[in-house]
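# Secondary and tertiary structure notes
Residues per chain are reported as follows:
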Amino acid sequence: MPIIIGFAGKGGVGKTTIAGILIRYLIEELKVAPVLAVDADPNSNLNEILGVNIHTTIGEARELLKKDVPTGMTKDVWFEYKVHEAIIEGKGFDLLVMGRPEGPGCYCAANALAKRSIESLKTNYPFVVADNEAGMEHLSRLVTQDLDHLYVISDPSPRGLLTGKRILELVKELRLNIKNWHIIVNMARESEEEKVRDLAVNRGFEVTGFVREDKILEKADTEGVSIFSISRESSAISDSYSIFAKTINAVHVK
Ligand SMILES: Nc1ncnc2c1ncn2[C@@H]1O[C@H](COP(=O)(O)OP(=O)(O)OP(=O)(O)O)[C@@H](O)[C@H]1O
Ligand SMILES: [Mg+2]
């Protein structure tokens with residue numbers, strides 16, 4: 001069975017960036033390629049961080065299913081074929097972009113089919129990393145479920161930590177099957193780490209680790225450079241790698 005890892009947190013806190021760094025970590029450090037990367041944010045941009053272009057999405061295939069299934073093919077077979085067609089191949093990873101979520105007038109049969117096809121696809125990979133949209137809706141829509149690890153990303157602000165706490169509460173309330181969860185505080189300054197740790201403890205949880213604000217990453221972002229080309233000198237990369245080594249290595253890799 002694959003190890004499934006998801007991300008959550010409020011808008012702009014670094015979910016996609018840290019998901020990208022995790023994908024690089026799995027390929028580069030744990031050498032578990034190919035990794036299946038799933039972009040479950042309707043406003044997809046994981047592909048940019050990974051340095052690949054999107055040609056089609058699962059949402060588009062789901063729309064086509066409403067009208068265009070060729071005769072002589074069952075919907076299941078056709079959709080599975082479309083899912084394979086939607087895979088974007090990168091170096092060490094495959095990327096699947098979910099695209100638009102089911103809108104009003106949800107075509108539920110198609111969603112069930114999409115879910116089945118993706119579940120079956122996942123079994124071909126040792127690790128699946130899913131980037132999500134901001135907020136908590138993906139949790140209540142049960143997009144994020146049955147995870148081995150959930151990384152909740154927060155900024156160092158009290159409001160960011162409060163969102164982190166609410167996400168964890170919702171996970172419990174919805175009885176989602178999430179085996180391990182971790183809180184990463186991103187874009188923190190070293191001087192504020194102690195204060196943030198205390199604030200988290202007051203809110204009833206512990207910070208798993210900090211990722212510092214990083215000029216190298218900032219520069220790479222403005223230049224549109226992929227996560228794989230960023231120097232290992234980047235503190236965002238080294239801080240994230242230490243957190244992953246602490247949280248993933250020990251559990252899954254001999
Ligand atoms: N540690 C860091 N140091 C400096 N810049 C960072 C750091 N982490 C993320 N950023 C920058 O912050 C911005 C937002 O990051 P990102 O897109 O990963 O956030 P997000 O949580 O996925 O946002 P959204 O909610 O819109 O999906 C990007 O420009 C990214 O380069
Ligand atoms: Mg994002």
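Those residues of helix H3 (residues 58-65) not exposed but buried are Ile58, Gly59, Ala61, Arg62 and Leu65. All buried residues of H3 lie within an arc of 160 degrees about the axis, which places them on one face of the element. A distance of 3.3 Å separates the backbone nitrogen of Gly59 from a side-chain oxygen at the start of H3, and that oxygen is part of Thr57.

Moving on, we come to the site of ligand 1. For ligand 1, the set of nearby residues contains 18 residues, the closest of which are Lys15, Thr16, Thr17, Asn186 and Asp221. Within the contact set of ligand 1, an oxygen atom lies 2.9 Å away from a backbone nitrogen or oxygen of Gly14. Contacts to ligand 1 include Thr16, whose side-chain N or O atom sits 2.8 Å from an oxygen atom. For ligand 1, whose free accessible area comes to 640 Å², the fraction covered by protein is 80%. When residues of the shell around ligand 1 are traced back to their parent elements, those giving at least two are helix H1 (15-28), strand S7 (178-188), strand S8 (209-212) and helix H9 (215-223).

Now for unusual backbone geometry. Cis geometry is found at the peptide bond from Ala33 to Pro34, where omega equals 0 degrees. In this fold, Pro34 is placed in the loop between H1 and strand S2 (35-39). Unusually for a residue other than glycine, Lys31 sits at a positive phi of about 50 degrees. Within the secondary structure, Lys31 sits in the loop between H1 and S2. Of note, the phi angle at Met187 is positive, near 60 degrees, even though the residue is not glycine. One can find Met187 in strand S7.

Criteria and thresholds
Going along each chain's sequence as written, the residues are numbered from 1 onward. Following the order in which they are written, the chains are lettered starting with A and the ligands numbered starting with 1. Predicted model: local features are reported for residues with pLDDT of at least 70 only, side-chain atom pairs are reported and counted for 80 or more only, and whole-chain, interface and lining totals are derived from all residues. Each side-chain value is worked out from all heavy atoms of the structure, with water and hydrogens disregarded. Only protein chains enter the accessibility calculation, which uses a 1.4 Å probe. A residue is then buried if its area is under 20% of the maximum for its type, exposed if over 50%, and partly exposed in between. In this text, helices come from DSSP runs of H or I with a minimum length of four residues, and strands from runs of E with a minimum of two, each type numbered from the N-terminal end. Arc, as used here, means the arc of the directions from the helix axis to the C-beta atoms. Counted as a polar contact is a pair of N or O atoms within 3.5 Å, where, for protein atoms, one must be capable of donating a hydrogen and the other of accepting one, and residues adjacent in sequence contribute only when both atoms are in side chains. Nearness is defined per residue: one heavy atom within 4 Å of the molecule or strand is enough. Reported accessibility uses the Shrake-Rupley method at a 1.4 Å probe radius. Residues are deemed covered only where the shown protein chains occlude them.

From the geometry alone we can't say anything about function, so treat these as descriptive.
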